[in-house]
Amino acid sequence: MTETQRIELPYRSIPEMFLHRVAETPDRRALGGPAPDDAGEPVWLTWRQVDERARAIGAGLTTLGIQPEDRVAVLANTRVDWVVADLGIMLAGAATTTVYPTTEPEEAVYIVADSGSKVVIAENAAQAAKLDGADLPNLRAVVLIDGAPSGTEAIKTMSLADLEAAGRAAIDADPELLDRIVAGIDGDRLATLIYTSGTTGRPKGVELLHAGWVWQGYTQGSTGLLGADDLQYLWLPLSHSFGKTLLCGIVYVGLPTYVDGRVDKLVDNLGKIKPTVMCAAPRIFEKVYNRVVTGAQADGGAKWKIFTWSVGVGKRASALRLAGREPGGPLKLQHAVADRLVFSKLRARLGGRMRVMVSGSAPLSPEIGEFFFAAGLPILEGYGLTETSAGNFVNPEAGPRIGTVGQPIGDLRAKLDTDGEVLIKGTPVMRGYHNLPDETAAAFTEDGWFRTGDIGEFDDQGYLRITDRKKDLIKTSGGKYVAPSYIEGLFKSVCPYTSQAIVVGQARNFVTMLVTLDPDAIKGWAEGTALSGKSYAEIAASPEAHALVEGYVKELNAKLNRWETVKKFAILTRDLSIEDGELTPSLKVKRRVVEKSFAADIDRLYTGTLAEIG
């Protein structure tokens, strides 16, 4: 890749960027969230109101002895209070340690201890209880977002309201307190300590600096990915780098954002909030796709024929648009009919105003991307890592290339190593792994390029295609390399009943696959049959479900090279979950954990008597 001109960032730090936003648009809507008990309309805060709360939290932290670069952990679900707390931590000059609310107590204790966090802002007493009895000599206080302390806690505990009250009193006594702190924060100051999801081994703390996050906000605004007139729906885990980078874009651009981490409410809420922008992991788009396709199949007859005809028309029209041309003649008329009969209904389901959606954190099947593009719901696939502040590549809205993750954004530099590994250099790259100098050194080349661990290729326009994780590439006993994520994504687009697919075959003489079914989709399929009313496990174990999936595996194999074809598969008796440790909070599969948890199923695929798929 060619060298690009370095960007001169307009702000030195997140709090400086935030204070500029408040000064520029104090009375515009900033953050919205659900009303208490979901009764009534969403509750919105203006930038002025966000500033008042964030300042109170920031000053309140100083009363607890928090100094510049001290770590303050946030252990909560995605909600407006998470954002305001994070901004308060930034105004205090401290660094946010993120802890997923689904994290088990042992790992939560490890993160708080390893980071040296002095204060933990926890969602409620149940989250705070994860730290009970742990040896945490640095921890000075726990702050509860919801609820009040019982008075029996072993460590100083207070409510967020009490912290804000203490902060307001501190500001009354010293009005310039936070302004002095912010003036001393430079771009090379630690802003965030995000622990990797731990798809393998103990999570590592990634040290990310203010300059990198300002860079993220600036590039999102300057590329037009986010606009001030947009309305964003933010559900992503804010403990994840993808969520954090969007917060920086929100602050830089100033677009109103509805914040609600309840994934089970997502589809219903889209119709109510009517956003124009949403970022998500592929699993969200896959679930919408599954629901639409299986619903059309269930209708059967003429409706299914209309649906499949419309999708075919839509894909032909979108292929022209992706090539820079508009459909004309009969195709233009056919597309208008298909849009009225099928695609307009899908857009309405997602609020009716969606301008663009962004997919990241895992590969999106090109076929699913094509489906949404045909429906007038473009998904711009992007790419980044926690170690590089999440946003590094994204497809441009004006010229997306489905199947790629787009071009480098801003002044980011990228190239391929001799083995095809993607290397990155630039402002958003981490300072290093916290307290792990050897691991930090191993993550960089001798001349300072960050090793992503992903294998990729650039096309003639500089669009990057990720082929797989370097460590996930399978080499069969016959010496052939297989990219599991490609096969898995292809199968999800072929079989609309799929929740997860995990390809297995390292050092084996053929490829197999573990499959989990989408619980809602498969129960809908079972309605009206002998399996109606049965549990997921009973449906998954049935000969009928096996025959259903086998048909789709045969369809998959017809699209693969001989050595990639899936010879056997197993339908697991439950779906993968975050709670069972098989998915990260950003819905990425922990491949090694799954292979360990379902080792007996894998052994049966290779040692059992199950016939190979013809």
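No experiment lies behind these values; they were computed from the predicted model shown.

Colleague: Let's hear about a positive patch on the surface: which residues, and what values?
Modeller: There is a patch of like positive charges on the surface, built from Arg-28, Arg-29, Lys-274 and Arg-353. Looking at where Arg-28 falls in the secondary structure, it is placed in the loop between helix 1 (14–24) and strand 1 (29–33).

Colleague: Report on the packing of aromatic side chains, specifying residues and quantitative values.
Modeller: In the structure shown here, the tally under the stated rule is 15 aromatic pairs. Between Tyr-233 and Tyr-258 the ring centres are 5.2 Å apart and the planes differ by 55°, which places this aromatic pair in the tilted class. A residue pair is termed long-range when its members are at least 10 positions apart, and Tyr-233 in strand 10 (residues 232–234) and Tyr-258 in strand 11 (residues 257–259) qualify at 25 residues. Neither residue differs from the other here; Tyr-233 and Tyr-258 are each classed as buried. For the pair Tyr-289 and Phe-371, a centre-to-centre distance of 5.2 Å together with 80° between the ring planes defines the contact as edge-to-face. Of this pair, Tyr-289 sits in helix 11 (residues 282–299) while Phe-371 sits in helix 14 (residues 366–374); the two residues are 82 residues apart in sequence, bridging distant segments of the chain. A relative accessible area of 11% places Tyr-289 in the buried class. Of the aromatic side chains, those joined through ring pairs into one cluster are Phe-285, Tyr-289, Trp-304, Phe-307, Phe-371 and Phe-372.

Colleague: With reference to specific residues and values, describe the sheet that holds strand 24 (residues 498–504).
Modeller: Taking strand neighbours across the sheet as the criterion, the three strands line up as 24-25-26 in an open arrangement whose pairing is mixed. Unpaired on one side and paired on the other, strand 24 and strand 26 (566–571) mark the two borders of the sheet. Direction aside, neighbouring strands of the sheet carry axes that sit 25° apart on average. Pairing of strand 24 with strand 25 (residues 511–517) involves six bridges; the strand directions are antiparallel. The residue bridging Thr-498 from the neighbouring strand is Leu-517, located in strand 25. Relative to strand 24, helix 16 (residues 484–494) is tilted by about 150°, and along the sheet it contacts strand 24, strand 25 and strand 26.

Colleague: Got a sec to walk through empty space enclosed by the protein? Specific residues and values, please.
Modeller: This structure, assessed with the given rule, holds three cavities of 30 Å³ or more. In this structure, the largest cavity occupies an estimated 100 Å³ of space. Ile-14, Leu-31, Trp-47, Val-83, Asp-86, Leu-87, Lys-244, Leu-247, Cys-248, Ile-250 and Val-251 together form the lining of the largest cavity. For the lining of the largest cavity, the secondary structure elements donating two or more residues are helix 3 (80–91) and helix 9 (241–253).

Colleague: Go over the pairing of strand 26 with me, naming the residues and quoting the values.
Modeller: The buried fraction of strand 26 is high, at five of six residues. Here strand 25 runs beside strand 26; their pairing, made up of five bridges, is parallel. By the bridge assignment, Val-511 is partnered in strand 26 with Val-566.

Colleague: Lay out the sheet that holds strand 18 (residues 421–425) in plain terms, naming residues and giving numbers.
Modeller: The four strands lie next to each other as 17-18-20-21, forming an open sheet whose pairing is antiparallel. Because the sheet does not close on itself, it has two edges, and the strands there are strand 17 (413–416) and strand 21 (464–469). The mean inter-strand angle of the sheet, taken between neighbouring strand axes irrespective of direction, is 45°. The pairing of strand 20 (residues 450–458) with strand 21 spans five bridges and is antiparallel. Pairing of Asp-454 across the sheet is with Arg-469, part of strand 21.

Colleague: How would you explain unusual backbone geometry if you had to name every residue and give the values?
Modeller: Of note, Glu-69 is a non-glycine position whose phi angle comes to about 70°, a positive value. Within the chain, Asn-435 stands out as a residue other than glycine whose phi angle is a positive 60°. Following the sequence through the fold, Asn-435 ends up in the loop between strand 19 (432–433) and helix 15 (437–442). On the accessibility criterion, Asn-435 (55% relative accessible area) is exposed.

Colleague: Could you give an account of the packing of helix 11 against helix 14, naming the residues involved and the relevant values?
Modeller: Here helix 11 crosses helix 14 at 70°, and the two axes come no closer than 11 Å. Judged by the angle between their axes, helix 11 and helix 14 are roughly perpendicular. Our pair here, helix 11 against helix 14, has a crossing hand that is left-handed. For the pair helix 11 and helix 14, the contacting residues are Phe-285, Glu-286, Val-288, Tyr-289 and Val-292 in the first and Ile-368, Phe-371 and Phe-372 in the second.

Colleague: Can you tell me about the nonpolar core, naming the residues and giving the values?
Modeller: In terms of nonpolar packing, the biggest core is built from 125 residues, with Phe-18, Leu-61, Trp-235, Met-278, Met-357 and Phe-372 touching the most fellow members. Of all the elements, helix 3 adds the most residues to this core, at nine residues. Setting aside residues no more than four positions away along its own chain, Met-357 makes contact with Met-278, Phe-285, Leu-350, Phe-372, Leu-377, Pro-378, Ile-379 and Leu-380. Of all hydrophobic cores here, the second largest spans 32 residues; its members include Val-503, Ile-522, Val-553 and Leu-560.

Colleague: Any chance you could break down the environment of Asp-135 for me, citing the residues and the numbers?
Modeller: Looking at where Asp-135 falls in the secondary structure, it is placed in the loop between helix 5 (125–128) and strand 6 (141–144). On the accessibility criterion, Asp-135 (67% relative accessible area) is exposed. Separated by 25 residues in the primary sequence, Asp-135 and Tyr-110 place their C-alpha atoms 9.9 Å from one another.

Thresholds, definitions, all that
Each residue is numbered by its place in its chain's sequence as written, counting from 1. In keeping with the predicted nature of the model, local features appear solely for residues at pLDDT of at least 70, side-chain atom pairs appear and are counted solely at 80 or more, and the whole-chain, interface and lining totals rest on all residues. Only heavy atoms go into the side-chain values, all of them from the structure, while hydrogens and water stay out. Patches here: salt-bridge-free residues with over 30% relative accessible area, like charges joined within 9 Å, nonpolar side chains (Val, Leu, Ile, Met, Phe, Trp, Tyr) joined within 5 Å. Per-residue and other accessible areas follow the Shrake-Rupley method at a 1.4 Å probe size, with only the shown protein chains counted as cover for residues. Here a salt bridge means any side-chain nitrogen of Lys or Arg lying within 4 Å of a carboxyl oxygen belonging to Asp or Glu. Positive charges are assigned to Lys and Arg, negative charges to Asp and Glu, while His and the chain termini are left out of the count. The location of each charge is read from NZ of Lys, CZ of Arg, CG of Asp or CD of Glu. The helix and strand labels rest on DSSP assignments: H or I over at least four residues marks a helix, E over at least two residues marks a strand, and numbering proceeds from the N terminus. Pairing of aromatic rings covers Phe, Tyr and the six-membered ring of Trp, with a centre-to-centre limit of 6.5 Å; geometry is then stacked below 30 degrees between planes, edge-to-face above 60, and tilted otherwise. We call a residue buried when its accessible area falls under 20% of the maximum for its residue type, exposed when it is over 50%, and partly exposed in between, using a 1.4 Å probe and counting protein chains only. In this description, strands pair whenever DSSP reports at least two bridges between them. All axes are obtained by fitting lines to C-alpha atoms, using only the stretch in contact for helices, and the reported angles, taken between N-to-C directions, cover 0 to 180 degrees. Residue contacts follow a heavy-atom distance rule, with two residues in contact if any of their heavy atoms lie within 4.5 Å. A 1.4 Å probe that fits into a set of points on a 1 Å grid over the protein atoms alone but cannot get out defines a cavity; an open set with protein on both sides within 12 Å along at least five of seven lines defines a pocket, and lining residues are those with an atom within 4 Å of a point. Grid points are joined across faces, edges and corners, and a volume is the space filled by probe spheres set on the points. Our angle categories are set so that under 35 degrees counts as roughly parallel, over 145 as roughly antiparallel, 65 to 115 as roughly perpendicular, and the remainder as oblique. The hand of a helix crossing depends on one turn: near helix anticlockwise from the far one by less than a right angle means left-handed, and clockwise means right-handed. In this text, buried Ala, Val, Leu, Ile, Met, Phe, Trp, Tyr and Cys residues form a nonpolar core when linked through side-chain atoms within 4.5 Å.

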